[in-house]
Amino acid sequence: MAKRFGLNPRTIRYYEMIGILPKAKRTESSYRVYDNETIERLEFILKAKTLGLKLDEIKEIILLYEKGEAPCECTREFIKNKISDIKEKIITLTELETRLTKLLKNKKIKTTPDSICPIITGAEKRLDTPPGWMV
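Anyway, here's the lowdown on the structure attached to this text. (Residues numbered from 1 in each chain as written. Predicted model: local features only at pLDDT ≥ 70, side-chain atom pairs only at ≥ 80, totals over all residues. Heavy atoms only, no water.)

Another aspect to go through is unusual backbone geometry. With a phi angle near 75°, Ser-30 is a residue other than glycine that sits in the positive phi range. By relative accessible area, which is 46% here, Ser-30 ends up partly exposed. (Buried < 20%, exposed > 50% of the residue type's maximum accessible area, 1.4 Å probe, protein only.)

Turning our eyes to something else, we now look at the pattern of salt bridges. Applying the stated criterion across every chain, the model contains 5 salt bridges. Between Glu-43 and Arg-4 there is a salt bridge whose closest N-O contact spans 3.9 Å. Placement of the pair is Glu-43 in helix 3 (residues 36-50) and Arg-4 in helix 1 (residues 2-5), with a sequence separation of 39 residues. According to the relative accessible area criterion, Glu-43 is partly exposed, its value standing at 30%. The partner of Arg-32 in a salt bridge is Glu-16, with the nearest N and O atoms 3.5 Å apart. (Salt bridge = Lys/Arg side-chain N within 4 Å of Asp/Glu carboxyl O. Helix = DSSP H or I, 4+ residues; strand = E, 2+ residues; numbered from the N terminus.)

Quick look at the nonpolar core now. Judged by nonpolar contacts, the single largest core of 16 residues is most densely connected at Tyr-15, Ile-20, Leu-21, Ile-45, Leu-53 and Ile-58. For this core, the secondary-structure elements that each account for two or more residues are helix 2 (9-18), helix 3, helix 4 (55-66) and helix 5 (72-105). By residue number, the principal contributor to this core is helix 4, which donates 4 residues. Discounting chain neighbours no more than four positions away, the residues touching Ile-58 are Phe-44, Ile-45, Ala-48, Lys-49 and Leu-53. (Core = buried A, V, L, I, M, F, W, Y, C linked by side-chain atoms within 4.5 Å. Contact = heavy atoms within 4.5 Å.)

Time to look at the packing of helix 3 against helix 4. The contact between helix 3 and helix 4 brings their axes to 10 Å, and the two run at 135°. Comparing the axis directions of helix 3 and helix 4 gives the class oblique. For the pair helix 3 and helix 4, the sense of crossing is right-handed. Contacts between helix 3 and helix 4 pair Arg-41, Phe-44, Ile-45, Ala-48 and Lys-49 from the former with Leu-55, Ile-58, Ile-61, Ile-62, Tyr-65 and Glu-66 from the latter. (Axes fitted to C-alpha atoms, helices over the stretch in contact; angles between N-to-C directions. Parallel < 35°, antiparallel > 145°, perpendicular 65-115°, else oblique. Left-handed = near helix turned anticlockwise from the far one by under 90°.)

Between its first and last C-alpha, helix 4 extends 16 Å over 12 residues, near the 16 Å set by a 1.5 Å rise per residue. Along helix 4, the residues that are buried comprise Glu-57, Ile-58, Ile-61, Ile-62 and Leu-64. Take helix 4 and look down its axis: the buried residues cluster within an arc of 160°, on one side only. Immediately beyond the C-terminal end of helix 4, within one or two residues, lies Gly-68, with a positive phi of roughly 90°. (Expected span 1.5 Å × (residues − 1). Arc of directions from axis to C-beta.)

If you want it as structure tokens, here you go:
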């Protein structure tokens with residue numbers, strides 16, 4: 001199954017461990033055997049991941065499904081939140097692009113012995129870190 005989906009076998013074992021895939025049945029020689037339902041579940045997980053859903057969100061959707069509830073409203077909320085996150089990232093990246101473009105256009109940069117790189121040290125100071133950026 002790992003080969004079929006281009007995954008590391010440890011990924012599938014991890015999905016089993018966290019409960020988004022059922023534990024695989026085993027042959028006498030301890031090989032894992034996956035049924036069609038598990039394969040369909042893995043396809044669902046991979047599709048959800050391509051939409052940007054996190055494993056804990058996917059797990060919540062699956063748990064609702066397993067309880068017999070329709071998880072669509074929960075999924076809609078996750079997607080709305082994802083769209084909101086994307087819009088914030090677009091704003092942050094657009095601001096960063098503007099700052100970087102200004103740096104490249106600045107022709108008055110002079111090298112000084114006490115500056116590692118005047119392009120960066122001469123950049124406008126920004127005290128707050130944009131959301132989503134690591135410090």
